[in-house]
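Residue-level structure breakdown
Spelled out from the first residue to the last, the chains are:
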Amino acid sequence: MSPGRPVPPPLAKPLPDLSSPAPAAVGRLAAAYGATSTHSGLVPLTIARRAPKEDDVEIAIEFCGLCHSDVHATRGEWRLPEYPLVPGHEIVGRVSRVGTAVSEFAPGDRVGVGCMVDSCRECASCRDGLEQYCERGNVGTYGVRDPRNGGELTQGGYSTSIVVDKRFVLRIPEALDPAAAAPLLCAGITTYSPLRHFHVKPGNAVGVMGLGGLGHMAVKIAKAMGAVVTVFTTSASKVGAAVELGAERVVLSKDDDAMDAAARSLDVIIDTVAAPHDLNPYLRTLRRDGALYQLGLPPEDMPPVQPGLLIRRRLTYSGSLIGGIAETQEMLDFCSAHGVASDIEIVRAGQLNEAYDRMVAGDVKYRFVLDTATLHEPSTEADA
Ligand code: NAP
Ligand code: ZN
Ligand code: ZN
């Protein structure tokens, strides 16, 4: 823990034993780590999970990936959130209980939850299976008031359990390692969706900007689709790693000559950079009818895109938000079939704050994953 951060309070209540089923219609307490203010860092918390309603699935969480969005959200970099805020939307675990109307899942099944736990289910986007673009706003896995559950504040996966409507629960193929599969629930689907939207085919030239959690998944998934991959990185230290991941070419984006040499060589670019940056040098690397999909959501404004660059080569500058539930299941099955998963470093609960600082410094290959079994351990970070 960094100097000046308050010592976390001890857990207020004894924690439940998820191996013993609670009586029906009774909620559970879950051990969690979350933020209590923009500067609190992550501290131990005890949160209440509702009893499964008829369509609900209760999950004993095993692993949860750490996404850069968790950092932006808990630190209030996008907007001031409601606290306490338990982040985490790359959740993998086993079903512990199901509601009376759930026949799709049974206790013991390995399942996942991504960035959404509900949506309106009625608007054009929801009907099209694009719940992430729900016109009334999807219900995020954390930090959102959930209209179907009495306006309760959703709390994410840095916790020992979660209760989610069956429509937003994914099947994790048993062939996938559960810890390495967790980042697929955000980093995987967020990069898979735009690659599919562009209809990437074998032989297409795909560029990936930023080699972090999303970026390394973009490389792996694009390779599995048969693409030829170029990585743009600001980190000279990642060149070798990018090649090991399968990139045919690595361009140091701070090297103007290298950027010029890449002009008009790519069909599509997946931009995963988490900080403001100038897109124009990257747009110059696209061929006619190319597209740049912006996935990174920096808290600050970015320099404007030059219209002439878009016009002269009929380029598309697009955004893309995670993926729908059906597409997320398709992605999980695709990754299982192609042996694709995330390169991870497992962290204990007491290492979460250090992991956030390392993520901001770009010091992770390529995704931290929390082992939720360690949420029960007394915090030692305050003593470090
Ligand atoms: P990450 O693991 O931290 O990776 C971001 C990468 O951006 C870094 O590894 C780094 O790669 C590059 N970068 C360049 N300059 C940077 C700077 N000044 N600060 C930070 N990174 C810099 O983050 P992530 O979890 O992949 O998330 C990436 C972004 O996507 C975040 O903004 C996140 O909020 C957003 N996101 C969007 C969606 C969506 O649905 N659109 C979903 C999830 C996440 P190099 O060292 O190779 O340059
Ligand atoms: Zn995420
Ligand atoms: Zn909707």
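The rules behind each value
Residues numbered from 1 in each chain as written. Chains lettered and ligands numbered in written order. Predicted model: local features only at pLDDT ≥ 70, side-chain atom pairs only at ≥ 80, totals over all residues. Heavy atoms only, no water. Near = heavy atom within 4 Å. Polar contact = N/O pair within 3.5 Å; in protein donor to acceptor, adjacent residues only side chain to side chain. Areas by Shrake-Rupley, 256 points an atom, 1.4 Å probe, with all protein chains shown as cover. Nonpolar A, V, L, I, M, F, W, Y, C, P; charged D, E, K, R; others polar. Domains from an automatic or database assignment. Contact = heavy atoms within 4.5 Å. Buried area = accessible area lost by both parts, 1.4 Å probe. Salt bridge = Lys/Arg side-chain N within 4 Å of Asp/Glu carboxyl O. Core = buried A, V, L, I, M, F, W, Y, C linked by side-chain atoms within 4.5 Å. Buried < 20%, exposed > 50% of the residue type's maximum accessible area, 1.4 Å probe, protein only. Helix = DSSP H or I, 4+ residues; strand = E, 2+ residues; numbered from the N terminus. Axes fitted to C-alpha atoms, helices over the stretch in contact; angles between N-to-C directions. Parallel < 35°, antiparallel > 145°, perpendicular 65-115°, else oblique. Left-handed = near helix turned anticlockwise from the far one by under 90°. Donors = N, O, S within 2.8 Å, 3.2 Å for Na, K, Ca; no water. Tetrahedral: all angles 85-135°; square planar, octahedral: opposite > 155°, others 65-115°. Pairing = 2+ DSSP bridges.

**Focus on the site of ligand 1**
Around ligand 1, the surrounding shell holds 28 residues, and the nearest of these are His68, Thr233, Thr234, Ser235 and Lys238. One nitrogen or oxygen atom from the side chain of His72 is found 3.1 Å from an oxygen atom belonging to ligand 1. Starting from 920 Å² of accessible surface for ligand 1 in isolation, the protein chains cover 87%. Partitioned by chemical class, the residues of the shell around ligand 1 number 13 nonpolar, 13 polar and two charged.

**Some words on the domain arrangement of the chain**
Structurally, the chain comprises domain 1 (28-186 + 341-376) and domain 2 (187-319). Taken together, the contacts link 16 residues of domain 1 with 17 residues of domain 2. Buried surface at the junction of domain 1 and domain 2, summed over both partners, amounts to about 1300 Å²; 55% is from carbon and sulfur atoms. The largest per-residue losses of area from domain 1 upon contact with domain 2 belong to Trp78, Cys186 and Tyr366, which jointly make up 40% of the total buried on that side. Across the contact surface, domain 1 and domain 2 share one salt bridge.

**Some points on the nonpolar core**
Ranked by size, the top nonpolar core spans 91 residues in total, and within it Leu66, Tyr158 and Ile221 carry the most contacts. It is helix 5 (residues 213-224) that provides the largest number of residues to this core, a total of six residues. Ranked by size, the runner-up nonpolar core spans 15 residues in total, among them Phe232, Ala262, Leu292 and Leu315.

**Some words on the packing of helix 4 (residues 187-197) against helix 5**
Relative to each other, helix 4 and helix 5 sit at 50°, their axes nearing to 8 Å. On the basis of the axis angle, helix 4 is oblique to helix 5. In this structure, the crossing between helix 4 and helix 5 has a hand that is right-handed. Taken together, the residues of helix 5 that come into contact with helix 4 (itself represented by Ala187, Gly188, Thr190, Thr191, Tyr192 and Leu195) are Gly213, Leu214, Met217, Ala218, Ile221 and Ala222. In the contact of helix 4 with helix 5, the residues fall into eight nonpolar, four polar and no charged.

**Comments concerning the packing of helix 4 against helix 10 (residues 325-338)**
One can describe the packing of helix 4 onto helix 10 by two numbers: an axis separation of 10 Å at closest approach and a directional angle of 100°. Here helix 10 runs roughly perpendicular to helix 4, going by the angle between their axes. Residues Gly188, Ile189, Tyr192, Ser193 and Arg196 of helix 4 touch helix 10, and the partners they reach there are Glu327, Thr328, Glu330, Met331 and Phe334. Among the residues forming the contact of helix 4 with helix 10, the class breakdown is four nonpolar, three polar and three charged.

**Overview of the coordination of the zinc ion (ligand 3)**
Around the zinc ion (ligand 3), the protein supplies Cys120 (SG), Cys123 (SG), Cys126 (SG) and Cys134 (SG) as donor atoms, at distances of 2.3 to 2.4 Å. Classification of the site at the zinc ion (ligand 3) rests on its four donor atoms, whose angles at the metal span 103 to 119°, yielding the label tetrahedral. The motif formed by the donor residues of the zinc ion (ligand 3), counted along the single chain, is C-x2-C-x2-C-x7-C. Like Cys126, Cys123 is buried.

**Quick word on the sheet that holds strand 12 (residues 205-209)**
Judged by pairing direction, the sheet is parallel, and its six strands sit side by side in the order 14-13-12-15-16-17 without closing on themselves. Edge strands, defined here as strands with exactly one partner in the open sheet, are strand 14 (249-252) and strand 17 (316-319). Looking at each pair of strands side by side, their axes are set apart by 20° on average, direction ignored. Judged from the five bridges that link them, strand 12 and strand 13 (residues 228-233) form a sheet pairing that is parallel. Residue pairing across strands places Val206 opposite Val229, the latter belonging to strand 13. Strands in contact with helix 4 are strand 12, strand 15 (266-271) and strand 16 (286-294); relative to strand 15, the strand with the most contacts, it is inclined by about 155°.

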